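Summary of structural features
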Amino acid sequence: MRKTQLFDLQRDGFTILKDVHPAERVRAARDLVASIIAYAERGLEDPFFQYYLPHRADQGALYDVLQRHPDFWDLARVPRVLDALAPTLGDDIFMYENSVVYKPKGRRNAVPFHQDFISRPEEPLKLIAWTALDEVTVATGAMKLLPGSHTKGFLPWHRVPGETHHDRIRKDMLPKTEPYHAELEPGDVLIFNQLLVHGSDEVHTDSLRIAFRVSYQGFDRLVVPRGSPIVVRGGGPHALASRFSRPAAQLPRPSLLKRAARYVGRRLMSI
Ligand SMILES: O=C(O)CCC(=O)C(=O)O
Ligand SMILES: [Fe+2]
């Protein structure tokens, strides 16, 4: 087993959990991803298109796979990962979004230095669990992490329209920290704070360097970018009562116009 330095989520902005998933689980997920990529590359219909983001096999991103393929639950809900999130997020945790990321050969597949969800700074903090399904080395495109960069808040950034990873940290504002290359074995999990500056180089190897990533949030405020909120741990009536104490009858009702639009939308969807 490769030796991994010890990193602390609070201090460094990331940590690495070794051997979280057994080999059979990783292999099953890896096979599933291969078939999803093959389907996406054929350009077949996406029955989920109105709820979830379309897969981008050309960019090495398959979105919202957990909602489409419940087998991913085995990777997303493992106690060791949730236990590592709990000191930061609390005991009630839900999934914000999830995706599979990989390095398609022959495509521009570099990921410039960025912080996750930088265009939504008003939202609650997210932690990301990045599960290696393949061996991850410098040669196959390991994530480059700037230890401690999460302590500086959101950094000045700019958007490059038309690029896959369009939002990136301004080069002159990057912390002058030596990047750590997170080399991982299949089944290891990298957990990082969304504020941690990270990216990865362009590589072209036969390994697709597939990873399954989930971003998680606590219950301070429920926000999801698309689809529905999905509770990953806790969230029972006791937690709801302690956080959402207003009687439902007192909540503001959506306007007549909104209710009418929703009704028409539902009718159209049932056609
Ligand atoms: O796949 C990569 O190299 C980068 C992915 C990334 O930025 C992320 O998972 O947040
Ligand atoms: Fe990222």
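Our subject is the structure that appears above.
Everything numeric in this text was worked out from a predicted model, so none of it was measured.

Some remarks on the overall build of the protein chain
For the protein chain, the count of helices and strands is 7 helices and 13 strands. Taken against the 2.2 N^0.38 rule, which gives 18 Å for 271 residues, the C-alpha radius of gyration of the protein chain at 20 Å falls within 12% of a compact globule. When the backbone C-alpha atoms are referred to their principal axes, the protein chain occupies close to 55 × 45 × 40 Å. Within the span of the protein chain, comprising 271 residues, buried residues form 32% of the whole. A sequence separation of at least 24 residues applies to 84% of the contacts in the protein chain between residues at least 6 apart.

Some points on unusual backbone geometry
Phi is positive for Asp19, close to 50 degrees, though the residue is something other than glycine. The topology assignment puts Asp19 in the loop between β1 (14-17) and α2 (23-41).

Structural notes on the site of ligand 1
Close to ligand 1 lie Val101, Val111, Asp116, Ile128, Trp130, Gly141, Met143, His198, Ser200 and Arg213. Put simply, the parts of the chain that give the shell around ligand 1 at least two residues each are β5 (126-132) and β11 (198-200). Across the shell around ligand 1, the residue classes tally to 5 nonpolar, 3 polar and 2 charged.

Observations regarding the sheet that holds strand β6 (residues 143-145)
Ordered in space as β4-β11-β6-β9, the 4 strands form an open sheet in which the pairing is antiparallel. Either end of the sheet is taken by a strand with one partner, and the two such strands are β4 (111-114) and β9 (180-182). Across the sheet, the mean angle from the axis of one strand to that of its neighbour is 25 degrees, orientation sign disregarded.

Re helix α5 (residues 79-89)
Listed as buried for α5 are Val81, Leu85 and Leu89. Along the long axis of α5, the arc covered by the buried residues comes to 50 degrees, so they all point the same way. For α5, the exposed residues lying more than 90 degrees away from the buried face are Pro79, Arg80, Asp83 and Pro87. Here the buried face of α5 lies against β1, β3 (93-101), β5, β10 (189-193) and β12 (211-217). Within two residues after α5, Gly90 carries a phi angle of roughly 95 degrees, on the positive side.

A closer look at α2
Between the first and last C-alpha of α2 there are 27 Å, a value that for 19 residues agrees with the 27 Å anticipated at 1.5 Å per step. Residues of α2 that are buried: Val26, Ala29 and Val33. Take α2 and look down its axis: the buried residues cluster within an arc of 65 degrees, on one side only. Seen from the buried face of α2, the exposed residues on the opposite side, beyond 90 degrees, are Ala23, Glu24, Asp31, Ser35 and Ala38. Along its buried surface, α2 packs onto α4 (73-76), β3 and β12. Positive backbone phi, approximately 70 degrees, marks Gly43, located one or two places after α2.

Observations concerning the environment of Arg27
Relative to the elements of secondary structure, Arg27 occurs in helix α2. On the basis of neighbour counts, which here come to 14 C-beta atoms within 10 Å, the residue Arg27 falls in the partly exposed class. For Arg27 and Leu133, which are 106 residues apart along the polypeptide, the C-alpha to C-alpha distance reads 7.5 Å.

With respect to the nonpolar core
Looking at soluble globular proteins, one finds that nonpolar side chains tend to be buried together. Counting residues in each nonpolar core, the largest one holds 52 residues, and the members touching the most others are Leu190, Ile191 and Tyr216. In this structure Leu190 touches Phe14, Ile16, Trp130, Met143, Ala182 and Leu184, once residues within four positions along its chain are discounted.

Considerations on the pairing of β12
The element β12 is largely enclosed, with a buried count of 6 among its 7 residues. Of the pairings in the sheet, the one linking β3 to β12 comprises 7 bridges and is antiparallel in character. In the sheet register, Met95 faces β12, and the bridge partner there is Tyr216. As judged from the 7 bridges shared by β5 and β12, these two strands associate in the antiparallel manner. Of the residues in β12, the one forming a bridge with Lys126 is Gln217.

Conventions and cut-offs
Residues numbered from 1 in each chain as written. Chains lettered and ligands numbered in written order. Predicted model: local features only at pLDDT ≥ 70, side-chain atom pairs only at ≥ 80, totals over all residues. Helix = DSSP H or I, 4+ residues; strand = E, 2+ residues; numbered from the N terminus. Rg over C-alpha atoms; globule rule 2.2 N^0.38 Å. Buried ≥ 20, exposed ≤ 12 C-beta atoms within 10 Å, placed from the backbone. Contact = placed C-beta atoms within 7 Å. Near = placed C-beta within 6 Å. Nonpolar A, V, L, I, M, F, W, Y, C, P; charged D, E, K, R; others polar. Pairing = 2+ DSSP bridges. Axes fitted to C-alpha atoms, helices over the stretch in contact; angles between N-to-C directions. Arc of directions from axis to C-beta. Expected span 1.5 Å × (residues − 1). Core = buried A, V, L, I, M, F, W, Y, C linked by C-beta atoms within 7 Å.

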